[in-house]
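Each chain, letter by letter, is given below.
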Amino acid sequence: MSIQDIFESMDYGPAPEAAGEALAWLVDRGDTFGHFINGSWTAPGKGFESRNPATGETLAMLSQASADDVDAAVSAARKAQRKWTRLSGHERARYLYAIARLVQKYSRLFAVLETLDNGKPIRESRDIDIPLVARHFYYHAGMAQLMEAELPDAEPLGVCGQIIPWNFPLLMLSWKIAPAIAMGNTVVLKPAEYTSLTALLFAEICQEAGLPKGVVNVVTGDGAVGEMIVNHPDIDKIAFTGSTSVGRKIREATAGSGKALTLELGGKSPYIVFDDADIDSAIEGLVDAIWFNQGQVCCAGSRLLVQEGIADRFYAKLKTRMDGLRIGDPLDKCIDIGAIVDPIQLETITRLVDEHGGEGEVYHANSALPETGCFYRPTLITGLHTSAWLMQEEIFGPVLVGTTFRTPKEAVELANNTRYGLAATVWTENINLALDIAPKLAAGVVWVNATNLFDAAAGFGGVRESGFGREGGWEGLTAYTRPKTKTKTLAPISPFAEGKDLAPSDGLDRTAKLFIGGKQARPDGGYMQAIWTRQGGLLGHVGIANRKDVRNAVEAAHKASGWGKTTGHLRAQILYYIAENLSARAKEFADRIDAMTGKRSGNKEVEASISRLFTYAAWADKYDGQVHGVPIRGVALAMHEPVGVIGALCADETPLLGLISAMAPAMAMGNTSVLVASQPFPLASTDFYQVLETSDVPDGVVSILTGDHVELSKTLSDHLDVDAVWSFSSTDLSADIEKRSAGNLKRTWVNNGQARDWFSTDGEGREFLRQATDVKNVWIPYGE
Ligand code: NAI
């Protein structure tokens, strides 16, 4: 027998992890669980079974939370929050540290329980999920410790409702709970109905760690319980990880409620292999990308893009590797592929492949399948059109779709040809190519020559319909804090009533147009609106922009997207130049503001506007990203990227300062914007066109519309090519904007009935810069 024969025929004996301890833990609790509310357990109520997907056996009975249970959990969290937030950061850090230690102490129990409940291979729960959970609590113990010194302007949000999925049950719990409680919030968490057991064990270790009652509450149940949490009036923030369709519903349900929201949703992440890649490594990476956790990973590299010249060789090697993957008992340490979480999910995967796979060539690995349980073979589908359903939609199973590309440019186009934007992987031995491609990918995370790397120090989250917000790293803390901004109640500001004069006192006709794509444009509808002084004098007319004007402005903004690729140095110079040109006409602007508002604040407002332009000119080349140290052979570069096209309804009360306060941070960070001027006092904005025209601002970087805030906010929020909508209007548009934004899950930043003092530092700074940027974490190899 040759060595080759031995290798090919060698069989591994099973090496199962013992389940005794975990099963005994369940038996000790009567195999039945209530909810964990205010530090103790409720009596088990009517509920449902939690099953082992590998065997179909029932593991325990869980309770379906009622509205009263959710109420009790929220009020316990509210009560606890008052005290919890008053503890010092150090005191909170000690609790997080204690939890981290206990996760390590019970790590084997956690790992086995997770594998029994979810079906994931024990190798993964033992070596990846649970160590990352401990790491998350250690890391955030440090954040609690540093909060007062490093985040003096941040305060907790209050009570956080957290809804998590079944694919990484305990890991997602840790991503949600650790930063929340570190920053002084309390939580009501709902695990997914298929996989609640490790969350219940976690509740026990909270008791063991002596965590004050009510800081962490766990209620179990299905989506209906999730909805109760989402709709509960006494919750300040919702954090959700799960499907894009539920994420969209949650966006709509929380619209106008004032609740903060972060959504970590689905993906169809590209896995790009260039022809100079180390192919064997890229194949191993691909195994991790799509067959880790049976492909039930939101950032799974589920779309293979391989360069044409190596495609045949790559597919051949891939199929051989797929055939070698071992499917079976998840508790067996030699297993590569475990069980799909539930028969329903298995049915979905099977149906999707059967219904849509026929358009391409479907290759199922020939690995042996266990006779019973929820298992699905690793599958590769090639030859699909790029717009085919399976190329576009998340399957959430061990199914890879693959296609080829010729040039790097085409790779980027294909990679970005999706409504999602969660993660992307790039394989090449050419550092220039990798780092040229990484910024061009629409994704919140990019891995270079590696894949599916996670760490508490590096933010995780997506763009586009993959959601918004980051979890992990310094950037993740903003999801659980708010700036200590002083706000006052928003008061709608009306224009002055129509006067009697039909012509301005100097007899000149001043009819301002719109400013679209660097040119002054007549409003599409052809209608104008007169602007009157307090005394009834006619100051001039402005155009009333409509849907078509918004569309034109958004189109111009997209054409100007090259602005995002310019240097901060160049953007700074242009902002300084705008300030200089405004300064040269300061008196004219001040007089105009006085005439419009009937106040004598013009001088002060122009001075503040010039200073604000300087502020963002200063920031344009200084709001740098970070380098996150992560415990692997590499670093994560947390890069600030522009959000894209920002639509902003500008403050009514300070017509020039309001416009500049939205425009300048957007511009400084490389965004293009469509600004809607102060509705009652729009003329300072229309005069400002000339300043922009003489300041080297490229066409389309800023467009300015005048007209009705309510109408224009609708069009901007509905528009699928607008990436973010901000509202500082004195009309509270928050609910409508947030609801409409669900269409493409654009980011929103609305005032929720609160006005800010634009003259103070609350009207500028880091909060604006954060809203104008997304953080992309690019993981690159570095060091030994
Ligand atoms: P899901 O999005 O329905 O469930 C995730 C969590 O949300 C669970 O805790 C569930 O109880 C809760 N939930 C469901 N409906 C809700 C509602 N209306 N309001 C509040 N909470 C609600 O995901 P599901 O049904 O478990 O899986 C369906 C598909 O979702 C998968 O096939 C996959 O494509 C995707 N998915 C994506 C995940 C990700 O990490 N991106 C995780 C889980 C699922």
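As a convention, each chain's residues are numbered from 1 in the sequence order in which they are written. Since the coordinates come from a predicted model, pLDDT governs what is reported: local features require at least 70, and pairs of side-chain atoms require 80 or more to be given and counted, while whole-chain, interface and lining totals use all residues. Each side-chain value is derived from all of the structure's non-hydrogen atoms; neither hydrogens nor water enter the calculation.

Patches here: salt-bridge-free residues with over 30% relative accessible area, like charges joined within 9 Å, nonpolar side chains (Val, Leu, Ile, Met, Phe, Trp, Tyr) joined within 5 Å. Computed by Shrake-Rupley with a 1.4 Å probe, the accessible areas treat only the displayed protein chains as cover when residues are assessed. The term salt bridge refers to a side-chain nitrogen of Lys or Arg lying within 4 Å of a carboxyl oxygen of Asp or Glu. Just so you know, the count uses Lys and Arg for positive and Asp and Glu for negative, and it drops His and the chain ends. Charge coordinates come from a single atom per side chain, which is NZ of Lys, CZ of Arg, CG of Asp or CD of Glu. A surface patch of like charges, here positive, comprises K79, R82, K83, R86 and K213. We count a stretch as a helix when DSSP gives it H or I for four or more residues in a row; a strand needs E for two or more, and each element gets its number in order from the N terminus. Relative to the helices and strands, K83 is located in helix α3 (residues 67-86). Burial classes: relative accessible area under 20% of the type maximum marks a residue as buried, over 50% as exposed, and values in between as partly exposed (1.4 Å probe, protein chains only). Its relative accessible area of 61% is what places K83 among the exposed residues.

On to the pairing of strand β15 (residues 399-405), then. Here β15 lies mainly inside the structure; 6 of its 7 residues are buried. A pair of strands is labelled paired if DSSP reports no fewer than 2 bridges between them. Note that strand β12 (residues 303-307) and β15 share 5 bridges and pair parallel. By the bridge assignment, V306 is partnered in β15 with T404.

Checked against the element boundaries, G184 lands in the loop between α7 (169-182) and β7 (186-190). You can call G184 buried: its relative accessible area is 0%. Taking the C-alpha atoms as reference points, G184 and T485, 301 residues apart in sequence, are found 17 Å from one another. Contacts are assigned to residue pairs that have any heavy atoms within 4.5 Å of one another. Apart from residues no more than four positions distant in its own chain, G184 is found in contact with Q81, W84, T85, R92 and P156.

A word on the nonpolar core. Only buried Ala, Val, Leu, Ile, Met, Phe, Trp, Tyr and Cys residues count toward a nonpolar core, and they belong to the same one when joined by side-chain atoms within 4.5 Å. Core analysis: the largest hydrophobic core is formed by 119 residues, its most contacted members being I99, F202, V216, V273 and L304. Looking at this core element by element, the count peaks at 11 residues for helix α6 (residues 122-150). If sequence neighbours within four positions are ignored, I99 has contacts with F137, I181, F202, I205, C206, A209 and L211. In terms of nonpolar packing, the next biggest core, distinct from the first, is built from 64 residues, L539, A648, A664 and M667 among them.

Here the focus is the packing of helix α22 (residues 655-668) against helix α23 (residues 683-693). Note on definitions: angles span 0 to 180 degrees between N-to-C directions of axes, and those axes are lines fitted to C-alpha atoms, for helices only across the stretch in contact. With their axes 9 Å apart at the nearest point, α22 and α23 run at an angle of 55° to one another. In terms of axis orientation, α22 runs oblique to α23. Crossing hand, α22 versus α23: right-handed. In this structure, α22 uses P655, L656, L659, I660 and M663 to contact α23, whose residues at the interface are A684, S685, F688 and L692. Residues are grouped as follows: Ala, Val, Leu, Ile, Met, Phe, Trp, Tyr, Cys and Pro are nonpolar; Asp, Glu, Lys and Arg are charged; all remaining types, including Gly, are polar. Its residues placed into classes, the contact of α22 with α23 shows 8 nonpolar, 1 polar and no charged. Oblique is the label for any angle not under 35 degrees, not over 145, and not in the 65 to 115 range, which are roughly parallel, roughly antiparallel and roughly perpendicular in turn. Crossings are assigned a handedness: left-handed for a near helix turned anticlockwise from the far helix by less than a right angle, right-handed for a clockwise turn.

Another point: the domain arrangement of the chain. By a frequent convention, interface size equals the accessible area lost on bringing the separate parts together. In terms of domains, the chain is made up of domain 1 (16-265 + 476-483), domain 2 (270-456) and domain 3 (511-780). Note that domain bounds follow an automatic or database assignment of domains. Taking only C-alpha atoms, the centre of domain 2 and the centre of domain 3 are 41 Å apart. Once two parts are joined, some of their accessible surface, as seen by a 1.4 Å probe, is lost; buried area is that loss totalled over both. Taking both partners together, domain 2 and domain 3 bury about 880 Å²; carbon and sulfur atoms supply 61% of that area. For the pair domain 2 and domain 3, the interface holds 0 salt bridges. Any N or O atom pair separated by 3.5 Å or less is treated as a polar contact, with the protein-specific requirement of one donor-capable and one acceptor-capable atom, and with residues adjacent in sequence counted only for side-chain atom pairs. Taken together, the links from domain 2 to domain 3 amount to 7 residue pairs in polar contact (both at pLDDT 80 or more).

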